[in-house]
Amino acid sequence: MRLIAAILVLTLVAIGAGALAGLHLFAAAERVADAKKGATPPPIASSYAGSARLRKLSPIVTNLAAPANNWARVEASMVTDSMSDEDAGILAAHISEDIVTYLRSASVTQFEGTRGLQHLRDDLSERASIRSSGKVRELIIETLVIQ
């Protein structure tokens, strides 16, 4: 009988200690959450000047040079200096044509691994910069799917 009473007392003490610890942790979590609500996030530093604009290119789907039954789909954006929407649209069409031309002359093995993707990004950015006479600062590849 004494053993059952001792186990019952220890169980009640454990329940009480657990409840107090839980309440303490809950109050601490609420304080942290309230502190994060009131804090303003630091401003994000941009590597581009205020006149830079991100313009999305239409998705590009084309076949690759080798193997012939492989297709590539690229979604990209370009970072440009300030220019009119009409000029940007024309430039985007020319850059899309350049991307199609580049992909049609490439094989799947050129895009394997991180190094291959980095080379693709660098080559396309360089082509876009040359095509635009330096108005395109960077070409950002958002998605690349090879099937």
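Here the structure is a predicted model, which is why all the values come from computation and not from measurement.

### A short note on unusual backbone geometry
So, step 1. Between A66 and the following residue, P67, the backbone shows a cis peptide bond with an omega angle of -20 degrees.
So, step 2. Structurally, the position occupied by P67 is in the loop between β2 (60-63) and β3 (71-80).
So, step 3. You will see that S133, though not glycine, has its phi angle at about 55 degrees, which is positive.

### Section: helix α3 (residues 113-131)
So, step 1. Its 19 residues give α3 an end-to-end C-alpha distance of 27 Å, which sits within 8% of 27 Å, the value for a rise of 1.5 Å per residue.
So, step 2. Where α3 is concerned, the buried positions are G116, L120, L124, S125 and A128. For α3, the arc enclosing every buried residue in end-on projection is 165 degrees, short of the 170-degree limit, so these residues lie on one face. Across from the buried face of α3, at angles greater than 90 degrees, the exposed residues are T114, R115 and I130.
So, step 3. Where the residues of α3 are buried, they touch α2 (85-104) and β4 (136-146).
So, step 4. Of the residues one or two after α3, S133 is the one with positive phi, at around 55 degrees.

### What to know about a nonpolar patch on the surface
So, step 1. Side chains of L8, L12 and I15 sit close together on the surface and give an oily, nonpolar patch of about 330 Å² of accessible area.
So, step 2. Here L8 lies in helix α1 (residues 2-38).

### Details of the domain arrangement of the chain
So, step 1. On domain assignment, one finds that the chain holds domain 1 (1-39) and domain 2 (53-146).
So, step 2. Distance from the C-alpha centre of domain 1 to the C-alpha centre of domain 2: 58 Å.

### Concerning the pairing of β3
So, step 1. Counting buried residues along β3, 8 of its 10 residues qualify, which places the element largely inside the surrounding structure.
So, step 2. Strand direction decides the pairing type here: strand β1 (residues 53-56) and β3, joined by 4 bridges, are antiparallel. Each residue of the ladder has a partner; that of K56, found in β3, is S77.
So, step 3. Sheet topology places β2 next to β3; 4 bridges connect them, and they run antiparallel. Of the residues in β3, the one forming a bridge with V61 is R73.
So, step 4. Examined bridge by bridge, β3 and β4 share 9 bridges and lie antiparallel to one another.

### Quick word on the confidence of the model for the chain
So, step 1. Residues of the chain with pLDDT of at least 70 account for 97%, and the chain-wide mean is 89.
So, step 2. Here β1 stands out as the least confident element of the chain, with mean pLDDT 90; β2 is the most confident, with 94.

### Details of the nonpolar core
So, step 1. Judged by nonpolar contacts, the single largest core of 23 residues is most densely connected at L57, M78, I95, I99, L103, F111 and L139.
So, step 2. Every element with two or more residues in this core is listed here: β3, α2, α3 and β4.
So, step 3. Here this core takes 7 residues from α2, the largest share from any one element.
So, step 4. Setting aside chain neighbours within four positions, we find L103 in contact with T62, N63, L64, A65, A72, V74, F111 and L120.

Each value, and the rule that gives it
- Residues numbered from 1 in each chain as written.
- Predicted model: local features only at pLDDT ≥ 70, side-chain atom pairs only at ≥ 80, totals over all residues.
- Heavy atoms only, no water.
- Helix = DSSP H or I, 4+ residues; strand = E, 2+ residues; numbered from the N terminus.
- Expected span 1.5 Å × (residues − 1).
- Buried < 20%, exposed > 50% of the residue type's maximum accessible area, 1.4 Å probe, protein only.
- Arc of directions from axis to C-beta.
- Contact = heavy atoms within 4.5 Å.
- Patch = residues over 30% accessible without salt bridge, like charges linked within 9 Å, V, L, I, M, F, W, Y side chains within 5 Å.
- Areas by Shrake-Rupley, 256 points an atom, 1.4 Å probe, with all protein chains shown as cover.
- Salt bridge = Lys/Arg side-chain N within 4 Å of Asp/Glu carboxyl O.
- Domains from an automatic or database assignment.
- Pairing = 2+ DSSP bridges.
- pLDDT = per-residue confidence, 0-100.
- Core = buried A, V, L, I, M, F, W, Y, C linked by side-chain atoms within 4.5 Å.

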